[in-house]
Amino acid sequence: MSERSDVLIVGGGPGGSTLGRALARQGLDVTIVDKQTFPRDKVCAGWVTPAVMESLDLDPNEYARDAVLQPIHAFRTGMLGQRTVVSRYPEPASYGIRRYEFDAWLLERAINDGVRTAQGQPLKELRREDGEWVLNDHLRTPLLIGAGGHFCPVARHLGAAKPGSSETAVHAQEIEFEMTPEQAAACPVEADVPELYFLRDLSGYGWIVRKGDWLNIGLGREGGQKLGEQVSAFAEELKAMGRLHIDPPSKFKGHAYLLHGHSPRPPVHDGALLIGDAAGLAYPQSGEGIRPAVESALMAAEVIGAAGGDYSADRLAAFGDRLQRRFGKGSAAGEPGPVKQALARPLMASSWFARHVILDRWFLHRHQAPLAPAA
Ligand SMILES: Cc1cc2nc3c(=O)[nH]c(=O)nc-3n(C[C@H](O)[C@H](O)[C@H](O)COP(=O)(O)OP(=O)(O)OC[C@H]3O[C@@H](n4cnc5c(N)ncnc54)[C@H](O)[C@@H]3O)c2cc1C
């Protein structure tokens, strides 16, 4: 027997849960389908800015009662092999969260606001029938949302390139583990000072971040060739620099995603929208994708609410316009040339550049006011 929802969202990450909750609060009947059962692991460094907390209407004190929340008061930045700079902030400039907890918390809150979920159910089959979508032969809807991350099956169905073919994605590997009390006491990385190390060819960066007693180490860059070797070399370099004092207990895990403007995926279709990583929205300089996932969800909720049940591509086109006004057209992928690399070296070591350009502009987006949370 088939089940019908006003809106079906494929993917229960920050994008899917934010949109689901916003639409349920508008009175729509929403189902989120996810191949995994929450809580689930998600490869991510797990930084969110205060703007994300505000758009999510999430009180950090309330969240911290049940989950790891590490306020960040400073960043150590630099190019590998060069002098590093520490930039301090009087208020928390960011927060470290564990995606295992954060995504489950957001999804649970959406469920409490009326969203139904079908967890542990991968989207296997999708077809259009009588102007509606039919998923896995039994879930029907007039409006389908692709929120399934980089490998979103809805995005693929709507024409996204096969992962690894023509799209230039960021490939990243990461590990997150809880240190023993002895390891935490000896850890050279301060809990509220994450460290970012730009690669010498400027193709990406590595990080070592502490969230209380949890340690997260990773590296991301455009193109996936020999990434594993580069990640191992990065871990060895951290040790040689005295920034990593232990051997990570297991292997690094990998994932990929698109930066905004690099191989764009059209976000608007007849009866369907793409949000978050499915639409390839992560910020180009930092790779931050949680804020664009949340913001695209909030913008989609407003456009869907205003559409009054007419989900034609024409009626939903306002979503594409809003994305472009918010995130711009995006810059094309490109290798930084040797001149840029030579110029970058002294800039990366400059305290002014680190604070005002790398952090405030590229990583924290402090110039952009947060979007208001869902009504
Ligand atoms: C190593 C790494 C570090 C990162 N660090 C940061 C960071 O510190 N801060 C930041 O803001 N961003 C970071 N990002 C980017 C960030 O993780 C993503 O941009 C963000 O998760 C996008 O959210 P989303 O809701 O669009 O998709 P996701 O969070 O990817 O959620 C997609 C959901 O869809 C589900 N799904 C997938 N396929 C199917 C299917 N076939 N059927 C049903 N369900 C499916 C998945 O199970 C998943 O739950 C990082 C990314 C990586 C790889």
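Residues numbered from 1 in each chain as written. Predicted model: local features only at pLDDT ≥ 70, side-chain atom pairs only at ≥ 80, totals over all residues. Heavy atoms only, no water.

Things to note about the site of the ligand
Thought 1: Taken together, 37 residues sit near the ligand, with G15, D34, R99, D277 and I290 positioned nearest.
Thought 2: At 3.4 Å, a backbone N or O of P14 approaches an oxygen atom of the ligand.
Thought 3: Contacts to the ligand include I290, whose backbone N or O atom sits 2.9 Å from an oxygen atom.
Thought 4: The fraction of the free accessible surface of the ligand (1000 Å²) that becomes covered by protein chains is 95%.
Thought 5: Secondary-structure elements contributing two or more residues to the shell around the ligand are α1 (14–25), β3 (30–34), β14 (170–178), β18 (253–257) and α8 (290–307).
Thought 6: Grouping the constituent residues of the shell around the ligand by class yields 17 nonpolar, 12 polar and eight charged. (Near = heavy atom within 4 Å. Polar contact = N/O pair within 3.5 Å; in protein donor to acceptor, adjacent residues only side chain to side chain. Areas by Shrake-Rupley, 256 points an atom, 1.4 Å probe, with all protein chains shown as cover. Helix = DSSP H or I, 4+ residues; strand = E, 2+ residues; numbered from the N terminus. Nonpolar A, V, L, I, M, F, W, Y, C, P; charged D, E, K, R; others polar.)

Looking at the pairing of strand β13 (residues 143–146)
Thought 1: The two faces of β13 match: L143 and I145 on one face and L144 and G146 on the other face are all buried.
Thought 2: Sheet analysis places strand β2 (residues 7–10) next to β13, joined by four bridges and oriented parallel. Following the sheet pairing, L8 is matched in β13 by L144.
Thought 3: Relative to strand β20 (residues 272–274), β13 runs parallel, the two sharing three bridges. Along β20, the bridge assignment pairs I145 with L273. (Buried < 20%, exposed > 50% of the residue type's maximum accessible area, 1.4 Å probe, protein only. Pairing = 2+ DSSP bridges.)

Details of the nonpolar core
Nonpolar side chains in soluble globular proteins tend to be buried together.
Thought 1: In this structure, L19, F102, L135, L144, I145 and I304 are the most contacted members of the largest nonpolar core, which totals 68 residues.
Thought 2: The element contributing the most residues to this core is α8, with 10 residues.
Thought 3: Aside from chain neighbours lying at most four places away, what touches I304 is L19, L23, L28, L143, I145, L273 and Y311. (Core = buried A, V, L, I, M, F, W, Y, C linked by side-chain atoms within 4.5 Å. Contact = heavy atoms within 4.5 Å.)

Details of the sheet that holds strand β11 (residues 132–135)
Thought 1: If you trace the four strands from one edge of the open sheet to the other, you get β1-β12-β11-β10, paired in mixed fashion. The outermost strands of the open sheet, each flanked by one partner alone, are β1 (3–4) and β10 (126–129).
Thought 2: When β1 meets strand β12 (residues 139–141), the two strands line up parallel, connected through two bridges. Bridge pairing links E3 to L139 in β12.

As for helix α7 (residues 227–240)
Helical geometry: 3.6 residues make up each α-helical turn, so side chains three or four residues apart lie on a common side.
Thought 1: For α7, with 14 residues, the first-to-last C-alpha span of 20 Å sits near the 20 Å given by 1.5 Å per residue.
Thought 2: Within α7 the residues assigned to the buried category are L227, V231, F234, A235 and L238. The arc that holds every buried residue of α7, seen down its axis, measures 95°, which confines them to one face. The exposed residues of α7 that point more than 90 degrees off its buried face are E229 and A240.
Thought 3: In this fold, the buried residues of α7 make contact with β14, β15 (195–198), β16 (204–211) and β17 (214–222).
Thought 4: Looking one or two residues beyond α7, the residue adopting positive phi is G242, at roughly 80°. (Expected span 1.5 Å × (residues − 1). Arc of directions from axis to C-beta.)

Describing the domain arrangement of the chain
Thought 1: Structurally, the chain comprises domain 1 (3–46 + 98–165 + 259–327) and domain 2 (71–93 + 170–256 + 335–375).
Thought 2: Taking only C-alpha atoms into account, the centre of domain 1 sits 28 Å from that of domain 2.
Thought 3: Across the contact surface, domain 1 and domain 2 share two salt bridges.
Thought 4: With a shortest N-O distance of 3.8 Å, K253 and D41 are connected by a salt bridge.
Thought 5: Where domain 1 meets domain 2, there are nine residue pairs in polar contact (both at pLDDT 80 or more). (Domains from an automatic or database assignment. Salt bridge = Lys/Arg side-chain N within 4 Å of Asp/Glu carboxyl O.)

Focus: a negative patch on the surface
Thought 1: The grouping of D57, D59, E62 and D66 at the surface amounts to a negative patch.
Thought 2: Among the secondary structure elements, D66 is positioned in the loop between α3 (60–64) and β5 (69–72).
Thought 3: Judged by relative accessible area, which is 64%, D66 ranks as exposed. (Patch = residues over 30% accessible without salt bridge, like charges linked within 9 Å, V, L, I, M, F, W, Y side chains within 5 Å. Lys, Arg positive; Asp, Glu negative; His and termini not counted. Charge placed at Lys NZ, Arg CZ, Asp CG, Glu CD.)

Some words on α8
Thought 1: With 18 residues, α8 should cover 26 Å at 1.5 Å per step; its first-to-last C-alpha distance of 26 Å lies within 8% of that length.
Thought 2: Of all 18 residues in α8, 15 are buried; the element is thus mostly enclosed.
Thought 3: G308 sits one or two residues past α8 and shows a positive phi near 55°.

Notes on the environment of V193
Thought 1: Looking at the secondary structure, you find V193 in the loop between α6 (181–186) and β15.
Thought 2: Setting aside anything within four residues of it in sequence, one finds V193 in contact with A74, F75, R76, V86 and R88.

Examining the side chain of S203
Thought 1: Here S203 is to be found in the loop between β15 and β16.
Thought 2: Overall, the relative accessible area of 18% leaves S203 in the buried class.
Thought 3: Separated by 2.7 Å, the side chains of S203 and D201 make a polar contact.

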